[in-house]
Amino acid sequence: MRIIKNITQGLKDKEIADNLNISVSTVRNYVNKMFEELEVTSRSQLISLYYENKLYEILDEIKIENHFL
């Protein structure tokens, strides 16, 4: 979800990797896996899916739950 959130902010793979302290190849692997799992072929489709399905609400909910752990 953090990678998707970074993608919705228009960040490139290198910027995402830097933000999350992971390698660029790890970001690319996660993005490719998300494309397969969600049956999308582009970042714009991924972003549309993110907003259409209100995944941002799920992300906020996860943040709140983790905050209380």
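Here's a quick rundown of the structure. Numbering of residues starts from 1 in every chain and runs along the sequence as written. Local features in a predicted model are, by the rule used here, given only for residues with pLDDT of at least 70; side-chain atom pairs are given and counted only at 80 or more, and totals for whole chains, interfaces and linings are based on all residues. Side-chain descriptors were evaluated using all non-hydrogen atoms of the structure, hydrogens and water having been removed beforehand.

Bringing the pattern of salt bridges into the picture now. Two side chains carrying opposite charge are able to pair once their charged atoms lie near each other. When a carboxyl oxygen of Asp or Glu is within 4 Å of a side-chain nitrogen of Lys or Arg, the pair counts as a salt bridge. Applying the stated criterion across every chain yields a total of four salt bridges. Across the pair aspartate 13 and arginine 28 runs a salt bridge, and its minimum N-O distance is 3.3 Å. Here arginine 28 lies in helix H3 (residues 24-38) and aspartate 13 lies in helix H2 (residues 13-20), a separation of 15 residues in the sequence. Summary of the burial criterion: residues with accessible area below 20% of their type's maximum are buried, those above 50% are exposed, and those between are partly exposed, where the area comes from a 1.4 Å probe applied to protein chains only. Taking the relative accessible area as the measure of exposure, aspartate 13 reaches 15% and is therefore buried. When its relative accessible area of 46% is taken as the criterion, arginine 28 is described as partly exposed. In this structure, arginine 43 engages aspartate 13 in a salt bridge whose closest nitrogen and oxygen atoms are separated by 2.1 Å. Placement of arginine 43 in helix H4 (residues 43-52) and of aspartate 13 in helix H2 is noted, with a sequence separation of 30 residues between them. Among the charged side chains, a network of salt bridges with common partners joins Asp13, Arg28 and Arg43. Helix and strand assignments come from DSSP, with helices taken as H or I runs of at least 4 residues and strands as E runs of at least 2, each series counted from the N terminus.

With that settled, the discussion passes to the nonpolar core. Side-chain atoms within 4.5 Å link the members of a nonpolar core, which is a set of buried Ala, Val, Leu, Ile, Met, Phe, Trp, Tyr and Cys residues. By size, the foremost hydrophobic cluster in this structure holds 13 residues, and its most contacted members are Ile3, Ile7, Ile16, Val31 and Leu46. Residue assignment for this core shows that the elements contributing at least two residues are helix H1 (2-8), H2, H3 and H4. With four residues, the single largest contributor to this core is H3.

The space that makes up the largest pocket amounts to roughly 160 Å³. Both site types are read off a 1 Å grid over the protein atoms alone. A 1.4 Å probe that fits but cannot get out defines a cavity, while an open set with protein on both sides within 12 Å along at least five of seven lines defines a pocket; lining residues have an atom within 4 Å of a point. Looking at the largest pocket, the residues that line it are Met1, Arg2, Ile3, Leu20, Ile22, Tyr30 and Met34. Counting residues per element, the ones that place at least two in the lining of the largest pocket are H1 and H3. Class assignment of the residues belonging to the lining of the largest pocket gives a composition of six nonpolar, no polar and one charged. Grid points are joined across faces, edges and corners, and a volume is the space filled by probe spheres set on the points. For this scheme, ten residues count as nonpolar: Ala, Val, Leu, Ile, Met, Phe, Trp, Tyr, Cys and Pro. Four count as charged, namely Asp, Glu, Lys and Arg, and the remainder, Gly too, count as polar.

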